[in-house]
Amino acid sequence: MLLIPRFMMWSTHFIALVAPIVSAIEVTIPLTAPSDAASLMGDLVSLSIEQDRWTDWAGTTEPNTFFNNVLDNFIQITNTPPFVRIGADSEDHTDFSCDVEYEEDIFPPSSIITPYPEATNITVGQGFYTAISNLPNGTLVHWAVNFREYNLTAVYLETVALMNAFSSPAVIEKNIALRFIEVGNEADLYSHNKGRNSSWNVQEYVSEWEEFAYNVSVTANLFESSYTTLIGAAFAASSHNDLNGFSPQAIFNLGILDSPAGQLIDTISQHHYSGSFCTGNGAVLQDLMTKSYIRGNLSAFSPDIEATSDMRLDYILGETNSMSCHGAPNVSNTAGAALWLLDYALYATQVGVSRLHFHEGIGYKYNLIQPVTLDYSILDGSPIAPLAPHIQPAYYAAIIIAEAIGSSGTTQAAEIPIDEDNVSGYAFFENGYLTKAVFINMDAYFSGADARDSTRIDFDFTGSGCTPTTMSVKTLEIGYASDTANLTWGGQTYETSDGRVSGPLAVDILPISSGVDLQETGAILVTFL
C-alpha cells in the first residue's frame, strides 16, 4: 500500500487558510491504561442481519463476493471477522419445510416509509442454514429461532436444521461457529404485535421461554460447558429496575437463571435505537449527532448493565442502529450518521457494553452495507436505475474503530474528558500503554453554511511512561454532514465496486507540540509514534 506522509508546517497563517479556529482545548491523556479502561475485542462493531433475505447476504451455491470482501476488510485490520447475528423481526415469522431448498418469502407492499419491508412469512429449508458456510473463516454466529408463533414443532425443526448446518464439513472446515441461539425477538412487544394477548407480561414470558428454550437446548444437545449457549432477553426496551416490566432485572428476579435453560445464558442482549421513523416523522441530523443525546441514550441502561454484571454475565446490544423501522431518510444514510456511530459505539464501551450488532436489511436506510443490487430508492421506494452493491457512510466509522482497536488482542479504551458540547475523544492502550486516540467533532456542517470551523487540540500526558513526541494523524474527510457518498479515510475510499479500499494512503506526520486541528463534521485517528 502506498503511504503518502504529509509533513505540515502548522503556522497560524496556514491554518487560517484551511479553517477558522473557533476554540482551542487541551486534552490530558494517561500514558498507561486507567484501571477502569474498557477491554475491546476486534468484533466490537458487529452485524445483526434481518433473517428474511439472509441468502442475499450470504449467497447460496456461491458466496456473495461483495459482502465477503467488506467483512474481510475488518479481518485484515483486526484479525477478527465481525460477529454475525441472523434473526430480528422475521425470525418470529420463520417456519421450516423439507420441501424448500433455501427460502420462500411473502412480503407486504412497499411504502414510502418502509421501501423494503420485512417478510410476513418466511419458509426455509436446510440450504438456508447451510449458507452460513459462505461466510469468512472464523465467523462467530448468533442465530435466532421463532418464539412468537408458540409452535414447539417449528422451533424443533429450525433447531435441528441449525445444528445440522454447523456440524457440516463445509462449516467445520472454515471454523465458523454457532456461539448463541436466541429464542424469540423482542418478546416484550408481543402484546402489541399480536404475538400474545393484551395481558402478556414478564411472568408469562419467563415461563414460556423456559419451556421453549429447554426444548431448544435438548434438541441442540447443549449443556453448561457447551461452546454454544443461549441469549437472554433480547427485549426492544427495558423497564430497568421496575420488576413488573420487561428487563434483565425482572427476569433475574423471576429466577430465569436457575432454570435448566436459563443456566445456559451467559449473555444478555438488549435492543436499542436512538429514535424512530416508524410513523414517518421527520428526524434532525444534528440531533442524532449530539454528544449529550448519545450519552443519554446509552447511560439509561446503566442499571441493567450493572445488574447483568452482578450475575457475571456479558451485556451486548444485540440489535441497534440510529432510527428504528429501517432508519430515517437523509439522516441514517448520511456522513453525519457515521460520526454518530463512531461516538455511539465507543461510548457504549465506557458504560459496559461489550459488543454492538448494527442492524442491517436489504435496502434499509441505516445500513453500513448494501450487499445486492437495488432497484428501488431506499429513501421513498421510487424506481431507480439499478444500484450495484455498495457501502454506506456508516461503514467508515466501523473501519475507524477497527483500526483503533488493531490486532493485538490486548486493546483497552478510556474516554478522554473534553468539556466541549460536540467534541469527543477516546484513548486506546495496548498491553497497558497508550498507542492511539480518536477525536470526533459532531457539529454538523451543511451546504450553504459559513466558513467551516475547526477546534485546535493540544496534548498533555500524565502518568509514568515514555511521552510521545511525534504522531501520525489520519483524517475522515467529509464534505457535508448530509453527504451520502464521497467520504475518504486517510485519502482512501471504500466506495468501490468490489468493496475493497482504493487509492494511496495519506497521513499527516506531526510533532506533538504542534497540536492538531479537528474540523466540524470530522474525525481523526492519532497514532502516537
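Just so it is clear, the structure is predicted and the values come from calculations on it, not from any experiment. (Residues numbered from 1 in each chain as written. Predicted model: local features only at pLDDT ≥ 70, side-chain atom pairs only at ≥ 80, totals over all residues. Heavy atoms only, no water.)

A. Region of the structure containing the environment of S97. For S97, the position within the fold is in the loop between β6 (94-96) and β7 (103-106). Classification of S97 by relative accessible area gives buried; the value is 18%. Distance from S97 to S111, taken between C-alpha atoms, is 30 Å for residues 14 residues apart in sequence. For S97, the residues in contact, after removing those within four places along its chain, are T123, V124 and G125. Among the polar contacts made by the side chain of S97, one reaches the main-chain amide nitrogen of D99 at a distance of 3.1 Å. (Helix = DSSP H or I, 4+ residues; strand = E, 2+ residues; numbered from the N terminus. Buried < 20%, exposed > 50% of the residue type's maximum accessible area, 1.4 Å probe, protein only. Contact = heavy atoms within 4.5 Å. Polar contact = N/O pair within 3.5 Å; in protein donor to acceptor, adjacent residues only side chain to side chain.)

B. Highlighting the state of the cysteines. This model, assessed by the stated rule, comprises one disulfide. Each sulfur of the disulfide joining C278 and C325 lies 1.9 Å from the other. Here the S-S torsion is close to 90°, and the disulfide linking C278 with C325 is therefore right-handed. Pair noted here: C278 is in the loop between β12 (265-276) and α9 (285-288) and C325 is in the loop between β13 (314-324) and α12 (335-350), with a separation of 47 residues, a long-range link. The partly exposed category is assigned to C325, whose relative accessible area is 28%. (Disulfide = S-S within 2.5 Å.)

C. Examining the sheet that holds β6 more closely. As summarised here, the arrangement of the three strands in space is β6-β8-β7, forming an open sheet in which the pairing is mixed. The open sheet has two free edges, formed respectively by β6 and β7, since each of these has just one partner strand. Strand-to-strand twist in this sheet, taken as the mean axis angle between neighbours without regard to direction, amounts to 15°. Strand direction decides the pairing type here: β7 and strand β8 (residues 121-124), joined by four bridges, are antiparallel. Paired with E103 across the strands is V124, a residue of β8. (Pairing = 2+ DSSP bridges. Axes fitted to C-alpha atoms, helices over the stretch in contact; angles between N-to-C directions.)

D. Looking closely at helix α3 (residues 65-78). The end-to-end C-alpha separation of α3 is 20 Å, in line with the 20 Å expected for 14 residues at 1.5 Å each. Counting buried residues along α3, eleven of its 14 residues qualify, which places the element largely inside the surrounding structure. Within α3, burial applies to F66, F67, N68, N69, V70, L71, D72, N73, F74, I75 and T78. Between the side-chain oxygen at the start of α3 and the backbone nitrogen of F66 there is a gap of 3.1 Å, and the oxygen is on N64. (Expected span 1.5 Å × (residues − 1).)

E. Molecular detail of the sheet that holds strand β2 (residues 21-30). Ordered in space as β2-β22-β26, the three strands form an open sheet in which the pairing is mixed. Whereas interior strands pair on both sides, the edge strands pair on one side only; in this sheet they are β2 and β26 (516-519). Along the sheet, successive strands turn relative to each other by an average axial angle of 35°, direction set aside. With four bridges connecting them, strand β22 (residues 454-462) and β26 associate as antiparallel partners. Each bridged residue has a counterpart across the sheet, and for T455 the counterpart in β26 is L518.

F. Just the pairing of strand β9 (residues 140-145), in detail. Counted residue by residue, β9 has five buried out of six residues, so it is predominantly covered. Pairing analysis gives three bridges linking strand β5 (residues 84-87) to β9, with the strands arranged parallel. Residue pairing across strands places I86 opposite W143, the latter belonging to β9. As paired elements, β9 and strand β10 (residues 177-183) share six bridges and run parallel to each other. Residue V145 lies in a different strand from β10, and its bridge partner there is V183.

G. Region of interest: the packing of aromatic side chains. Scanning the model with the defined rule gives 29 aromatic pairs in all. Between F147 and Y205, the ring centres sit 6.1 Å apart and the planes meet at 80°, which makes this aromatic pair edge-to-face. Residue F147 is found in the loop between β9 and α5 (152-166), and its partner Y205 is found in helix α7 (residues 202-219); the two are separated by 58 residues along the sequence. In this pair, the class of F147 matches that of Y205, namely buried. Judged by centre distance (5.2 Å) and plane angle (70°), the ring pair of Y205 and F235 falls under edge-to-face. Taken together, the residues Y205 in helix α7 and F235 in strand β11 (residues 229-235) connect sequence positions 30 residues apart. Each member of the pair, Y205 as well as F235, carries the same accessibility label: buried. Cluster of aromatic residues (ring-pair linked, three or more members): F147, Y150, Y190, W200, Y205, F212, F235 and F246. (Phe/Tyr/Trp six-rings, centres within 6.5 Å; stacked < 30°, edge-to-face > 60°.)

H. Molecular detail of α7. The terminal C-alpha atoms of α7, which comprises 18 residues, lie 25 Å apart, in line with the 26 Å expected from a rise of 1.5 Å per residue. Along α7, the positions that sit buried rather than exposed are V202, Y205, V206, E208, W209, F212, A213, V216 and S217. Next to the buried residues of α7 lie β9, α5, β10, β11, α8 (248-253) and β12. Two to three positions downstream of the cap, the backbone nitrogen of Q203 sits 3.1 Å from a side-chain oxygen, assigning the N-cap of α7 to N201. Looking one or two places after α7, you find N221, whose phi comes out positive at around 55°.

I. View of the confidence of the model for the protein chain. Predicted confidence across the protein chain gives a mean pLDDT of 95, with 96% of residues reaching 70 or more. A low-confidence stretch, residues 6-18 (pLDDT under 50), is modelled with 17 contacts involving residues beyond four sequence positions or located in other chains. (pLDDT = per-residue confidence, 0-100.)

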